[in-house]
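Fold and contact review
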Amino acid sequence: MMRYSGFKVIKEALTGHRGWGATWRDPEPKSDYDIIIIGGGGHGLATAYYLAKVYGQKRIAVLEKGWIGGGNVGRNTTIIRSNYLLDGNEPFYEFSLKLWEGLEQDLNYNAMVSQRGILNLIHTDAQRDAFIRRGNAMILNGADADLLTTKQIKERYPFLNTNNARFPIKGGLAQHRGGTVRHDAVAWGYARGADQLGVDIIQNCEVTGFLIENGVCSGVETSRGTIKAKKVASCVAGSSSRVMEKAGMRLPIESHVLQAFVSEGLKPVLPGVITFGAGHFYCSQSDKGGLVFGGDIDGYNSYAQRGNLPVVEDVCEGGMAIFPMLGRARLLRMWGGIMDMSMDGSPIIDRTHIEGLYFNGGWCYGGFKATPASGYVYAHLLARDEPHPTATAYRFDRFNRGLMIDEKGMGNQPNLH
Amino acid sequence: MLINHPLLGPRDAAEFTYMGDANLLHRPDWEAEDALQQFTDYGYLRDNPAGLHRELWFHEGGDRSWLVVTRDTTTHEVTAVELARDVARREGRSE
Ligand SMILES: Cc1cc2nc3c(=O)[nH]c(=O)nc-3n(C[C@H](O)[C@H](O)[C@H](O)COP(=O)(O)OP(=O)(O)OC[C@H]3O[C@@H](n4cnc5c(N)ncnc54)[C@H](O)[C@@H]3O)c2cc1C
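Residues numbered from 1 in each chain as written. Chains lettered and ligands numbered in written order. Predicted model: local features only at pLDDT ≥ 70, side-chain atom pairs only at ≥ 80, totals over all residues. Heavy atoms only, no water.

Here's the deal with the site of the ligand
Residue and element names in this part refer to chain A. Close to the ligand lie 35 residues; Glu64, Asn72, Thr77, Tyr365 and Lys369 are nearest. One of the backbone N or O atoms of glycine 42 is found 3.0 Å from an oxygen atom in the ligand. Glycine 367 has a polar backbone atom sitting 3.0 Å from an oxygen atom of the ligand. Across the complex, the protein chains shield 95% of the 1,000 Å² of accessible surface that the ligand would expose by itself. At the level of secondary structure, the elements contributing two or more residues to the shell around the ligand comprise helix 2 (42-53), strand 12 (253-265) and strand 16 (331-342). Grouping the amino acids of the shell around the ligand by side-chain chemistry returns 17 nonpolar, 13 polar and five charged. (Near = heavy atom within 4 Å. Polar contact = N/O pair within 3.5 Å; in protein donor to acceptor, adjacent residues only side chain to side chain. Areas by Shrake-Rupley, 256 points an atom, 1.4 Å probe, with all protein chains shown as cover. Helix = DSSP H or I, 4+ residues; strand = E, 2+ residues; numbered from the N terminus. Nonpolar A, V, L, I, M, F, W, Y, C, P; charged D, E, K, R; others polar.)

So this is what it looks like as structure tokens:
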């Protein structure tokens, strides 16, 4: 088992980097496991890691149809935060932020967790009231929140246009512990950690069906043969409806495309994450110097992993309204990912009505920040068959019981969350 | 994305508001025995297919008609566009 350290880097530098070896194994699938996790994204790999590490489970496999990290975990804009309002959400996201804070030591892997802070801008009096309420809810749940005045914002971020005629900046709600993380490194770090604890990570292995008899699931059909398991845990984000359909389930989820953009590399200009409160635009600067930004989902069902131009225009207009300097940068790349948009904008982590089959999904555009907690609480559910205390609200039956967790108060219209 | 409006010809999709799966035209019968379950399914569960999808688009920035658009969710190609009124009548929703 190889540990990374400064000493190791120097040693390898002096010996031609011949001693690094593979970061995880490439095992053949066995014929049966105790627990199978479908989907090698951030959440699936984190689930496997915590199952082995915290819950002492053995004989675990992660089945990934492509390569690990090829899904949304490698496509997102890497923002982490715990600035939610509702009781069903805030303790969970704060648990996640705490896990991020210790993640690199825990995994012995540099995931470039950077708590550079996130600032949500305020443009109206009503919005200030709403943000004060949210900040108080965050503090009640043990998170940090700081209301900034326009003057404080100008001092910290002199490039912001605070006097936009339509959307003047009236203040902001900051969470200084929020920030960004190197997304691919999260997938790789969890994969390496899980592999070292004996988890089989099986790539190029698509789940094509479930073995279900008399309401009990006993394994999966895959492109690499039938694999039996005592418990099967779906964790496929944007593909949730397609996978669960094979178990005869319809989900409270629509798949939508979200686009993201990155500019050419620039000298450091943007110290944290900033979000525009009047339209939908958010931006941070990567360690390579690119301005990474995005906005709304396109708004129609899609599995295409690419979006259309009206949203590009809308995002850029939002950006220009607060950061006139953005207009001088050239766009380097843009791409899209498929979001599992749920009916209330919040996730589901629950058993299904089929014994032995579990579900984790509905992450919308915000599941990256949830990666550590999602894995942890899903592992808890799989190991103990009861929800983790921070995830008791993420049930399937909340829709027919009228217990939606609707942060934005939009109702059952997935493209509005 | 262009939507070939049956009355107005090809229009930019940005003129429209997307309103989801066209099965929403078929509101359940509130007097049915299992109306509660039917309405829960109607309100919250979706087929969400990868491939052809029949969906409602409201021409908000145009003539305010409702359309049923058949579109491939894997390519965004629009293959059929009808007035929702015609579809609803054909499927027995109204006279
Ligand atoms: C452009 C964009 C920006 C975003 N920005 C943010 C952000 O700033 N902050 C934030 O918190 N969140 C953000 N998100 C959301 C976040 O990326 C997702 O919610 C999260 O990554 C989903 O969990 P995951 O990592 O497990 O998903 P994925 O990485 O998508 O993992 C799912 C895996 O399942 C696999 N799979 C699918 N079907 C099968 C099958 N049949 N058999 C086997 N494997 C299968 C897929 O190949 C995939 O690897 C963003 C998303 C996008 C697209």
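Section: unusual backbone geometry
Located in the positive-phi region is Asn214(A), a residue other than glycine, with phi close to 50°. Take Asn214(A): it is sitting in the loop between strand 9 (207-213) and strand 10 (216-222).

Here we look at the sheet that holds strand 13 (residues 273-276) of chain A
Residues and elements named next belong to chain A. Reading across from one edge, 5-6-4-13-14-15-12-16 is the order of the eight strands in this open sheet, with mixed pairing throughout. For this open sheet the edge positions go to strand 5 (146-148) and strand 16, each flanked by a neighbour on one side alone. Neighbouring strand axes in the sheet, compared pairwise and without regard to direction, differ in orientation by 25° on average. With respect to the sheet, helix 4 (residues 125-140) is in contact with strand 4 (118-122), strand 5 and strand 6 (171-175), its orientation differing from that of strand 4 by roughly 150°. (Pairing = 2+ DSSP bridges. Axes fitted to C-alpha atoms, helices over the stretch in contact; angles between N-to-C directions. Contact = heavy atoms within 4.5 Å.)

Examining the nonpolar core
All names here are of chain A. In terms of nonpolar packing, the biggest core is built from 53 residues, with Ile37, Tyr50, Phe92, Trp100 and Tyr190 touching the most fellow members. Put simply, the parts of the chain that give this core at least two residues each are strand 1 (32-38), helix 2, strand 2 (60-63), helix 3 (90-107), helix 6 (183-196) and helix 9 (371-384). With eight residues, helix 3 is the largest single contributor of residues to this core. Core analysis: the second largest hydrophobic core is formed by 29 residues, Phe210, Cys217, Val236 and Ile354 among them. (Core = buried A, V, L, I, M, F, W, Y, C linked by side-chain atoms within 4.5 Å. Buried < 20%, exposed > 50% of the residue type's maximum accessible area, 1.4 Å probe, protein only.)

Section: the side chain of Lys369(A)
Residue and element names in this part refer to chain A. If you trace the backbone, lysine 369 turns up in the loop between strand 18 (357-361) and helix 9. In this structure, lysine 369 is buried with no salt-bridge partner, the nearest side chain bearing the opposite charge being glutamate 90 at 9.6 Å. Those residues in contact with lysine 369 that sit more than four places away from it in its chain are Ile79, Ile80, Arg81, Tyr84, Tyr93, Ser96 and Trp100. (Lys, Arg positive; Asp, Glu negative; His and termini not counted. Salt bridge = Lys/Arg side-chain N within 4 Å of Asp/Glu carboxyl O.)

Quick word on the pattern of salt bridges
Taken as a whole and assessed by the stated rule, the structure comprises 30 salt bridges over all chains. The closest approach of N and O atoms between Lys30(A) and Asp200(A), which form a salt bridge, is 3.1 Å. Of the two residues, Lys30(A) sits in the loop between helix 1 (6-14) and strand 1 while Asp200(A) sits in strand 8 (residues 200-202), which places them 170 residues apart along the sequence. A relative accessible area of 46% means that Lys30(A) is categorised as partly exposed. Measuring nitrogen to oxygen at the nearest pair gives 2.7 Å for the salt bridge that ties Arg250(A) to Asp47(B). Taken as a pair, Arg250(A) in the loop between helix 7 (240-245) and strand 12 and Asp47(B) in the loop between helix 1 (35-44) and strand 4 (52-58) lie in two separate chains rather than in one.

Notes on the sheet that holds strand 4 of chain B
All names here are of chain B. Judged by pairing direction, the sheet is antiparallel, and its four strands sit side by side in the order 3-4-5-6 without closing on themselves. Both outer strands of the open sheet, strand 3 (17-21) and strand 6 (78-83), are each paired with one neighbouring strand and no more. Within this sheet the neighbouring strands show an average axis-to-axis angle of 30°, counted without direction. Where strand 3 and strand 4 come together, four bridges link them in antiparallel fashion. The partner of glycine 20 across the bridge, within strand 4, is leucine 56.

Considerations on the environment of Gln127(A)
Residues and elements named next belong to chain A. Structurally, the position occupied by glutamine 127 is in helix 4. Along the backbone, glutamine 127 and valine 54 are 73 residues apart, and their C-alpha atoms lie at a distance of 41 Å. Polar side-chain contacts of glutamine 127 include one of 2.9 Å to the backbone oxygen of glycine 277.

By themselves these figures say nothing about function.
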